[in-house]
Structures are given as structure tokens and as C-alpha cells.
Amino acid sequence: GMNQYGKGKDTPVDSILHCDKEGSERVETWNYRSIIGKLNYIANNTRPDISMAVHQCAKYCSNPKAIHELAVKRIVRYLLATKDKGLILKPTTTMTLDMFVDADFAGMWHKEFANLRDNVLSRTGFVITFCGCPISWCSKLQTEIALSTTESEYIALSTATRDLLPLRRILEDITSSS
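In what follows, the accompanying structure is described. Bear in mind the structure is a predicted one, so any value in this text is a computation, not a measurement.

Bringing the sheet that holds strand β2 (residues 123–130) into the picture now. Read across the sheet, three strands follow the order β1-β2-β3 without closing on themselves; strand pairing throughout is antiparallel. Bordering the open sheet on either side are β1 (97–104) and β3 (133–141), each of which pairs with just one other strand. With strand direction ignored, the average angle separating the axes of adjacent strands in the sheet is 10°. Bridge count for β1 against β2 is eight bridges, and the pairing is antiparallel. Looking across to β2, one finds that D104 is bridged to R123.

Below, the structure written as C-alpha cells:
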């Protein structure tokens, strides 16, 4: 019953999560790690719109605090509010493989946590479409520290291309054998 927690939300996240070592302890009895696993399954299979929010919450599975619990509740409220919404896929007749990439340069940086490495990492986000329909998507922190917006964009492009090339080869094999 997440219905007991109030009205739905129109976005899965409202701010960047940070560790909260001195923060309040969780008050709910549900298994945080289990809920994150379920949300991750949903994000990876049918709801790419919650990927970034779930990834943020997953970082704190070992010691979630009250703010992390609230973030998970917000994601679930968003899912409840948008359960009748969805992507309308309108495939095109041209067999095109397209990739859309973006990066958020040091998007988690906060002066209070400036000494933590993870807070200066940029985030890569991409979606690969075939015939206008998404077939692969990702939202994850970059493994290297980018020193500029341009560098974070190149890292994101490289990451996305690693997923694109095998898909392109498969498509070439399919179309050449026809």
C-alpha cells in the first residue's frame, strides 16, 4: 500500500540525493534493498523515465536514511500517478538506428560533499532507437572524472557508442541475409 502515502507526483525526483550520515533513521519497515531491486527491474524493462532516480536511491542500499526512504516513496508515487500513461510507439517504415546522448557535468556536486569522489562524477544518459522505437537506454554515472562539460559529453558519446556498435552489426547481419 503506497496509496496511504498521499497523492501522486508528476516527477520521479525533485533533487539530487546525497549521503546523509547524520540524518534521521528510516521509519518504515519495508525492505529498502528489495524495493530498489524491483524499481530497477521496472526501470530497465518498461519505465526508463525512473532510471536516474532509482540509480540515485540504489547508491544508499547499505545504509539508507530517512531522506533516501522519502526518495523511494516519491518514485513509487510517481509510478502510481502515471500508471495510465505510457510511451506511444509509432514505428517508422525506414529501418534507421538512431542514438541520442547527453551528459550532466558534475551534476551531483555540492559544496557540503566536495571531498567525496562520487559527487564530481558526471552522468551519462542515452537512448538508442530502431525505426523510431527505443530499444536500449541507460542512465549511469561516468567512471572517470571529467574536467569540462565537453569532456563529459565525449565520455557519454563513447559509452553510448559501445552499445550502438553491436546493435548496428546485428542489424547489418539481419538485412544482408534477407
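In this model, C131 sits at a positive phi of 55°, which is unusual for a non-glycine residue. Position of C131 among the secondary structure elements: in the loop between β2 and β3. Overall, the relative accessible area of 10% leaves C131 in the buried class.

Further remarks concern helix α4 (residues 149–177). For α4, with 29 residues, the first-to-last C-alpha span of 42 Å sits near the 42 Å given by 1.5 Å per residue. A maximum bend of about 25° is found in α4 at R162, where proline P166 lies one to four positions downstream. Buried residues in α4 make contact with β1, β2 and β3.

For the rest of this paragraph, the subject is the nonpolar core. Ranked by internal contacts, the top residues of the largest apolar core, which has 17 residues, are Y32, I36, L39, I50, C57, V72 and I75. Where this core is concerned, the elements lending two or more residues are α1 (32–45), α2 (51–58) and α3 (66–81). Tallying contributions element by element places α3 first for this core, with six residues.

Here the focus is the pairing of β3. Pairing analysis gives eight bridges linking β2 to β3, with the strands arranged antiparallel. Following the sheet pairing, V127 is matched in β3 by W137. Between β2 and the antiparallel strand that follows it, β3, lie two residues; C131 among them carries a positive phi value of about 55°.

This part is about the side chain of S136. As for its placement among the helices and strands, S136 is situated in strand β3. Discounting chain neighbours no more than four positions away, the residues touching S136 are F126, V127, I128, D163 and L167.

Thresholds, definitions, all that
- Residues numbered from 1 in each chain as written.
- Predicted model: local features only at pLDDT ≥ 70, side-chain atom pairs only at ≥ 80, totals over all residues.
- Heavy atoms only, no water.
- Pairing = 2+ DSSP bridges.
- Helix = DSSP H or I, 4+ residues; strand = E, 2+ residues; numbered from the N terminus.
- Axes fitted to C-alpha atoms, helices over the stretch in contact; angles between N-to-C directions.
- Buried < 20%, exposed > 50% of the residue type's maximum accessible area, 1.4 Å probe, protein only.
- Expected span 1.5 Å × (residues − 1).
- Bend = angle between axes of the 7 residues up to and from the residue.
- Contact = heavy atoms within 4.5 Å.
- Core = buried A, V, L, I, M, F, W, Y, C linked by side-chain atoms within 4.5 Å.

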